Amino acid sequence: MSTQRGSRNLIKVLPGLLISAFFLWYTFKGISFSHIRALRIVHPAWILGVLGFTLAGYTLRCVRWTQMMRFTGARFTVCARVLMTSLAANNILPLRIGDVMRIFTYAPDLGASPSVILSTVILEKLLDVFVVGLIFIATMGRDLPAKIRHGADIAVLISVIGLLIFMLAAAHLEAPLRRLFAKLPANKLVQKLEHWILLAVDTLRQQGIVGNLLLLLQSFVIWFCEGMIFLAAIHLVGLSTDVLGPWEAVSFANLSYMLPSSPGAIGTFEWAVKSALASHGTPQAQAAVFGLAIHAWMLISITGAGGLIFLIHRFKINNHTPLLEEIETLPDELP
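What counts, and at which threshold
- Residues numbered from 1 in each chain as written.
- Predicted model: local features only at pLDDT ≥ 70, side-chain atom pairs only at ≥ 80, totals over all residues.
- Heavy atoms only, no water.
- Salt bridge = Lys/Arg side-chain N within 4 Å of Asp/Glu carboxyl O.
- Helix = DSSP H or I, 4+ residues; strand = E, 2+ residues; numbered from the N terminus.
- Buried < 20%, exposed > 50% of the residue type's maximum accessible area, 1.4 Å probe, protein only.
- Axes fitted to C-alpha atoms, helices over the stretch in contact; angles between N-to-C directions.
- Parallel < 35°, antiparallel > 145°, perpendicular 65-115°, else oblique.
- Left-handed = near helix turned anticlockwise from the far one by under 90°.
- Contact = heavy atoms within 4.5 Å.
- Nonpolar A, V, L, I, M, F, W, Y, C, P; charged D, E, K, R; others polar.
- Disulfide = S-S within 2.5 Å.
- Core = buried A, V, L, I, M, F, W, Y, C linked by side-chain atoms within 4.5 Å.

J.: How would you explain the pattern of salt bridges if you had to name every residue and give the values?
T.: Between side chains of opposite charge, a pair can form when the charged atoms approach closely. Inspection of the entire model under this criterion finds 12 salt bridges. Among the ionic pairs, Arg-81 bridges to Asp-109, the shortest N-O distance being 3.1 Å. Pair noted here: Arg-81 is in helix α4 (residues 76-92) and Asp-109 is in helix α6 (residues 107-110), with a separation of 28 residues, a long-range link. Overall, Arg-81 belongs to the buried group, its relative accessible area being 13%.

Below, the structure written as structure tokens:
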């Protein structure tokens, strides 16, 4: 049984690995090792900025998720441990296993059902995509065709209106949404979509209007910190770009996680950073090498912190079950 499941997972993972390999080749073709060696620390004081904003940004992520989970009674220390562990697992394991572990493996630690945790994960993703999308639209290079820019502006306007309706009128949305989905074709995908959207709406309803606005504000601050990591790193190595370059890079790089790829968005992340910075005046070779360096920092820092928290907790509770054995017990699908 485990062999069959492993074979199915390999089939699911293989396309992502191939996509990552393609983007790595496409991003770094024509770039030599001498370009990589040319990357130097020019202004060491900016190391403090990289470290400080990394710590601030991910601490605020833990605070935000604790607020989403507040009606379950979960404490900040537990929420922070579970969130950081799941982020680390997402970076090294395929199929977003970290999020699945957060929903199922750690449900007893959080004192909540998997469906409740899933609703907060969906809301978390919606807020992040919304804010990152806004940053991308506001900072994308002016060399894009006018039709694309106008289309993106319209899409953001619609998303702003939609999110505000969801956040301010969540208590009154369940019945209209159920009627809307009742008119759609009855299939498994539509049923799951209805289930997930209603879960997110229920979470918004329980937060209240003030709580929802606070979540939105926290999301903007989180992504400000993320952008400042890129800005500090650019000053650290003396990269040439304009004032909008770091912000398009951070937004496009994180939107690249939506593309299928290997764990940690290897390949797609580097391509996105290179494309964004190049559109703001950075030489392509320098932009590509910087994308590799900043991605390495994000992967090492977050995976290292989450992995350390995971190991300390397992040592404290005397859990010696191999991680891969625990993963084998996870369900194939989200609730």
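J.: Can you lay out the packing of helix α3 (residues 46-68) against α4 for me, pointing to particular residues and giving the numbers?
T.: Where α3 contacts α4, the axes come no closer than 9 Å and their chain directions differ by 120°. Considered as vectors, α3 and α4 are oriented oblique to each other. Of the two elements, α3 crosses α4, and the hand of that crossing is right-handed. From α3, Tyr-58, Thr-59, Arg-61, Cys-62, Val-63, Trp-65 and Thr-66 reach across to α4, where they touch Phe-76, Cys-79, Ala-80, Val-82, Leu-83, Met-84 and Leu-87. Class assignment of the residues belonging to the contact of α3 with α4 gives a composition of 11 nonpolar, 2 polar and 1 charged.

J.: So, the packing of helix α10 (residues 188-237) against helix α11 (residues 245-255): which residues are in play, and what are the values?
T.: Packed helices, taken two at a time, are described by their axes: the angle between them and the distance between them. Close contact between α10 and α11 brings their axes to 9 Å; oriented N to C, the two are set at 120°. The angle between the axes of α10 and α11 places the two elements in the oblique class. The two elements α10 and α11 meet at a crossing, and its hand is right-handed. Where α10 abuts α11, its residues Trp-223, Phe-224, Glu-226, Gly-227, Met-228, Phe-230, Leu-231 and Ile-234 lie against Pro-246, Trp-247, Ala-249, Val-250, Ala-253 and Asn-254. In terms of residue class, the contact of α10 with α11 is made up of 11 nonpolar, 2 polar and 1 charged.

J.: Which residues make up the state of the cysteines, and what values go with them?
T.: Taken as a whole and judged by the stated rule, the model has 0 disulfides. Cys-62 takes part in no disulfide bond, and the closest cysteine sulfur, belonging to Cys-79, lies 8.6 Å away. A relative accessible area of 0% means that Cys-79 is categorised as buried.

J.: Pulling in residues and values, what's your account of the nonpolar core?
T.: Among the nonpolar cores identified, the biggest contains 79 residues, and Trp-65, Leu-110, Ile-117, Phe-230 and Phe-290 are the most heavily contacted of them. Considering every element that reaches this core, the biggest residue donor is α10, with 18 residues. Not counting the four nearest positions on each side in its chain, Leu-110 is found in contact with Trp-65, Met-69, Thr-72, Ala-74, Val-78, Cys-79, Val-82, Arg-102 and Ile-117. In terms of nonpolar packing, the next biggest core, distinct from the first, is built from 5 residues, Ile-31, Ala-285, Ala-288 and Val-289 among them.

J.: So what about unusual backbone geometry? Which residues, and what values?
T.: Despite not being glycine, Ala-265 shows a phi value in the positive range, around 55°. The residue Ala-265 is located in the loop between α11 and α12 (268-278) in this model. The class for Ala-265 is buried, based on a relative accessible area of 2%.

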